[in-house]
Amino acid sequence: MSLNSVFDIAGMGMSAQSIRLNTTASNLANAQAADSNASQVYRARHPVFETMRRDMINNDYMSMNPMASDSAMGVRVSGIVESDEPLERRYEPNHLKADKDGYVYYPNVNMVEEMADMISASRSFQINVEVMNSAKTMMQRVLTLGQ
């Protein structure tokens, strides 16, 4: 693996964590969006990550070493799925969006989970930045070796 591919891998990680942060922020922003119809209530969304791989170029090496058929090249978001957790149904007859029976439906967003997810995504993003900075420093030191 060359140092150049480190930048690609860390960049893909930063992009994936950015999507994760945006999804979490959307969940938090819509956590109290109530509605009288359960089918119209916001549902928590979560990104689905997928490992991206590249095939080894040398087929002879692959036939000799079955463990080397693929090498990891990073991560990407393959999609965003809605949570299938049940919605929160509250009896609030005075609420503006209450149905005929006085019930209001709230999103299935767990605030504690979302905050923990936001902290985790933020830290993962920061770690990828540190990886890029370390690779940059190494490349700069390699360039100064010939002086």
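A brief report on the enclosed structure follows. All of these numbers come straight from a predicted model, not from anything done at the bench. (Residues numbered from 1 in each chain as written. Predicted model: local features only at pLDDT ≥ 70, side-chain atom pairs only at ≥ 80, totals over all residues. Heavy atoms only, no water.)

What follows deals with the pattern of salt bridges. Applying the stated rule across the entire model yields 5 salt bridges. Of the charged contacts, one joins Arg76 and Glu50 as a salt bridge, the two residues approaching to 2.7 Å between their closest N and O atoms. Here Arg76, found in strand E2 (residues 70-82), pairs with Glu50, found in strand E1 (residues 45-55); they are 26 residues apart in sequence, far enough to count as distant. According to the relative accessible area criterion, Arg76 is partly exposed, its value standing at 42%. A salt bridge links Glu88 to Arg90, with the shortest nitrogen-to-oxygen separation between them at 2.7 Å. (Salt bridge = Lys/Arg side-chain N within 4 Å of Asp/Glu carboxyl O. Helix = DSSP H or I, 4+ residues; strand = E, 2+ residues; numbered from the N terminus. Buried < 20%, exposed > 50% of the residue type's maximum accessible area, 1.4 Å probe, protein only.)

Here Ser83 is to be found in the loop between E2 and strand E3 (88-91). A relative accessible area of 13% means that Ser83 is categorised as buried. Taking the C-alpha atoms as reference points, Ser83 and Arg43, 40 residues apart in sequence, are found 6.2 Å from one another. Residues contacting Ser83, with those up to four places away along its chain left out, are Arg43, Ala44, His46 and Asn108. A polar contact is formed between the side chain of Ser83 and the backbone nitrogen of Glu85, at a distance of 3.2 Å. (Contact = heavy atoms within 4.5 Å. Polar contact = N/O pair within 3.5 Å; in protein donor to acceptor, adjacent residues only side chain to side chain.)

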